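# Structural description and commentary
Below, each chain spelled out in residue letters.
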Amino acid sequence: MQELTPELMFDFLYNLPEQFEECLQMEFPWVTSLRGNYRNILVTGLGGSAIGGDILRSYSLRRLRVPLVVNRDYVLPAFVGPDSLVFAVSYSGNTEETISAYAEARSRGARVIVVTTGGKLGEMTAQDGYPVVKVPAGLVPRAASGYLFAPTALILEGMGLLPGVRAELEEPVAVLRSRRRNLEPAKPAPENEARAIAAVLKDSIPVIWGSSSTTEIAAMRWKGQINENAKSPAYFNVFPELNHNEIVGFEVPEDVLRRTAVVVLRDGNDHERVKKRIEITREIISSRVKSVTEVHSWGNSFLARLYSLIYVGDYASVYLAMEYGVNPTPVKIIDYLKAKMAE
Ligand code: F6R
């Protein structure tokens, strides 16, 4: 186990484009044997291993002909059965909720594919004879999002369920490579957008807003990364839903609102009506909160645009950790919880 130094997280982030490249070289020889008429697809996992499922869900929303659901629980929905394809994803392979859901998928007769570095789940899978995607160890789960997401999409493509994945995955490699030049520690603010955002987020409560079907998962990811890397609270929501509830909650308490830093993630493919909603919402809240910052996506393909936003948030969360003088890499509270639960 390597030492979880603060700098390590920067190395992990820097190498994200290469994760996609490596995944494009992976082979899944068993994939054709899994072709079939599935009625639904489910990805089960937690935290850094589940968000790959959300990316898959969001990416495949307008492309897949069957529903894809992300499950973050010990138990599975009632619809899972022999006509289901289940991805059980756990970076460590030791997450108890995922192990429990995996066992349930097995007993329901679903077709199961496991994505892991090993652990208990790796052992169970070897015994049960399900296909496994073995991803490289030595990272922390949230830094392995390329490895945890891309294989699932490539497998669905290989099964004939999701077209165009290979071509789609090429663009994030190029976009993230060009993006990282302005995000890495050698680059000062203001050219370094992530560093500038971290300065805005410091000493405030970050509220990250995305939009359904475009930037939602990036907003969710920003929130999780600020929590886990900067050890700070953060919240996220999406347009248009937030216009129907959250937006009413910007009147009191005034001191809390004055310390609230809103970040709006924007994408050229946001619905035209959503674009208008964002403008109106800015007008409503801007005099009440500490700041409203917009971050725009880059690239053409859905995945390039989504990941370009995720990448800025990943870096911003690490700069925020630096601002607070905390180590972004270990997550002692999660480790403590897991240890306590194992007692
Ligand atoms: C992310 C992180 C957590 C884990 C989660 C599940 O870096 O530490 O969000 O991803 O606790 O663990 P795994 O991914 O090992 O199943």
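Residues numbered from 1 in each chain as written. Predicted model: local features only at pLDDT ≥ 70, side-chain atom pairs only at ≥ 80, totals over all residues. Heavy atoms only, no water.

Moving on, we come to the sheet that holds strand S7 (residues 235-239). Taken in spatial order, the 4 strands line up as S7-S6-S8-S9 in an open sheet, and their pairing is parallel. Strand pairing shows two members of the sheet lacking a second neighbour, S7 and strand S9 (291-296), which therefore form its edges. The mean inter-strand angle of the sheet, taken between neighbouring strand axes irrespective of direction, is 25°. Against the sheet, helix H11 (residues 272-285) engages strand S6 (205-211), S7, strand S8 (260-266) and S9, with an angle of about 165° to S8. (Pairing = 2+ DSSP bridges. Helix = DSSP H or I, 4+ residues; strand = E, 2+ residues; numbered from the N terminus. Axes fitted to C-alpha atoms, helices over the stretch in contact; angles between N-to-C directions. Contact = heavy atoms within 4.5 Å.)

Let us look at the domain arrangement of the protein. It is common to give the size of an interface as the accessible area lost on bringing the parts into contact. If you check the domain split of the protein, you get domain 1 (6-163) and domain 2 (182-324). Taking only C-alpha atoms, the centre of domain 1 and the centre of domain 2 are 27 Å apart. For the pairing of domain 1 and domain 2, the buried interface totals around 2,000 Å² over both sides, and the portion due to carbon and sulfur atoms is 69%. Considering only the surface of domain 1 that becomes buried against domain 2, Phe10, Leu13 and Arg142 emerge as the three largest contributors, covering 35% of it. (Domains from an automatic or database assignment. Buried area = accessible area lost by both parts, 1.4 Å probe.)

On any regular strand, side chains alternate: one points to one face of the sheet, the next to the other face. The buried count for strand S3 (residues 84-90) comes to 7 of 7 residues, which makes it a mostly enclosed element. Every second residue of S3 is oriented toward a common face, with Ser84, Val86, Ala88 and Ser90 on one face and Leu85, Phe87 and Val89 on the other, all of them buried. Summarising the sheet, strand S1 (residues 40-44) and S3 pair through 5 bridges and their orientation is parallel. Bridging from a neighbouring strand, Leu42 pairs with Val86 of S3. (Buried < 20%, exposed > 50% of the residue type's maximum accessible area, 1.4 Å probe, protein only.)

This part takes up the site of the ligand. Of all residues adjacent to the ligand, which total 14 residues, the nearest are Ser49, Ser90, Ser92, Thr95 and Arg142. A distance of 2.6 Å separates an oxygen atom of the ligand from a polar side-chain atom of Ser90. Here an oxygen atom of the ligand and a backbone polar atom of Tyr91 are 3.4 Å apart. Within the complex, the protein chains bury 94% of what would otherwise be the 400 Å² of accessible surface of the ligand. Listing elements by their share of the shell around the ligand, those giving two or more residues are helix H3 (47-60) and helix H13 (332-342). Of the residues that constitute the shell around the ligand, the class distribution is 5 nonpolar, 6 polar and 3 charged. (Near = heavy atom within 4 Å. Polar contact = N/O pair within 3.5 Å; in protein donor to acceptor, adjacent residues only side chain to side chain. Areas by Shrake-Rupley, 256 points an atom, 1.4 Å probe, with all protein chains shown as cover. Nonpolar A, V, L, I, M, F, W, Y, C, P; charged D, E, K, R; others polar.)

On to the environment of Glu294. Among the structural elements, Glu294 can be located in strand S9. Taking the relative accessible area as the measure of exposure, Glu294 reaches 21% and is therefore partly exposed. Along the primary structure Glu294 and Val263 are separated by 31 residues, whereas in three dimensions their C-alpha atoms are 5.7 Å apart. Ignoring sequence-local partners within four residues, the contact set of Glu294 consists of Glu193, Val264, Arg266, Ile278 and Arg282. Of the polar contacts made by the side chain of Glu294, one reaches the side chain of Arg266; its length is 3.1 Å. One polar contact links Glu294 to His296, side chain to side chain, over a distance of 3.3 Å.

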